[in-house]
Amino acid sequence: MAIECNVGVLDRRIRLAIGAIFLVIVIGAEVGILTKGVLFLLAAVGFVTGFAQFCPLWALFGVNTCKVEK
């Protein structure tokens, strides 16, 4: 079963950039352990949805930013 793409190019780049920013903050910032955990989780979600080009939340709401060639 293949997962249908619902994350477009710009959306993907934004997700990966935000994931990278959150990861840099987790690694370098002096923040509490809870904050680091939340930021790491957000970074992971950004990377996973960016690389997979699929977002379950977008699917739930019927949003599709991926241009499909027909």
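The structure this text deals with has already been given above.
Conventions adopted
- Residues numbered from 1 in each chain as written.
- Predicted model: local features only at pLDDT ≥ 70, side-chain atom pairs only at ≥ 80, totals over all residues.
- Heavy atoms only, no water.
- Phe/Tyr/Trp six-rings, centres within 6.5 Å; stacked < 30°, edge-to-face > 60°.
- Helix = DSSP H or I, 4+ residues; strand = E, 2+ residues; numbered from the N terminus.
- Buried < 20%, exposed > 50% of the residue type's maximum accessible area, 1.4 Å probe, protein only.
- Lys NZ or Arg CZ within 6 Å of the ring centre and 35° of its normal.
- Disulfide = S-S within 2.5 Å.
- Polar contact = N/O pair within 3.5 Å; in protein donor to acceptor, adjacent residues only side chain to side chain.
- Contact = heavy atoms within 4.5 Å.
- Salt bridge = Lys/Arg side-chain N within 4 Å of Asp/Glu carboxyl O.

A. Region of the structure containing the packing of aromatic side chains. With the rule as written, the count across this model stands at one aromatic pair. With a centroid separation of 6.3 Å and 15° between ring planes, the pair formed by Phe47 and Phe51 is classed as stacked. With Phe47 and Phe51 both in helix α2 (residues 33-52), this residue pair falls four residues apart, about one helical turn. Residue class for Phe47 comes out partly exposed when judged on its relative accessible area of 23%. Cation over ring: Arg15 sits above Trp58, and NZ or CZ is 5.2 Å from the ring centre.

B. Spotlight on the state of the cysteines. In this structure the tally under the stated criterion is one disulfide. Covalently, Cys5 is tied to Cys66 through a disulfide, its sulfur atoms 2.3 Å apart. Taking the sign of the S-S torsion, about 105° here, the bridge from Cys5 to Cys66 comes out right-handed. Note that Cys5 is positioned in the segment before α1 (9-28) and Cys66 in the segment after α3 (56-61), a separation of 61 residues in sequence. We note that Cys5, like Cys66, is buried. Cys55 takes part in no disulfide bond, and the closest cysteine sulfur to it belongs to Cys5, at a distance of 11 Å.

C. View of the side chain of Thr49. Tracing the sequence through the fold places Thr49 in helix α2. Of the polar contacts made by the side chain of Thr49, one reaches the backbone oxygen of Gly46; its length is 3.4 Å. Discounting residues that sit within four places of it in the chain, Thr49 has contacts with Val7, Arg15, Phe54, Cys55 and Pro56.

D. Examining the pattern of salt bridges more closely. Taken as a whole and judged by the stated rule, the model has one salt bridge. A salt bridge links Asp11 to Arg15; the shortest N-O distance between them is 3.1 Å. Placement of both Asp11 and Arg15 in helix α1 is noted, with a separation of four residues, approximately one turn of the helix. Overall, Asp11 belongs to the buried group, its relative accessible area being 15%.

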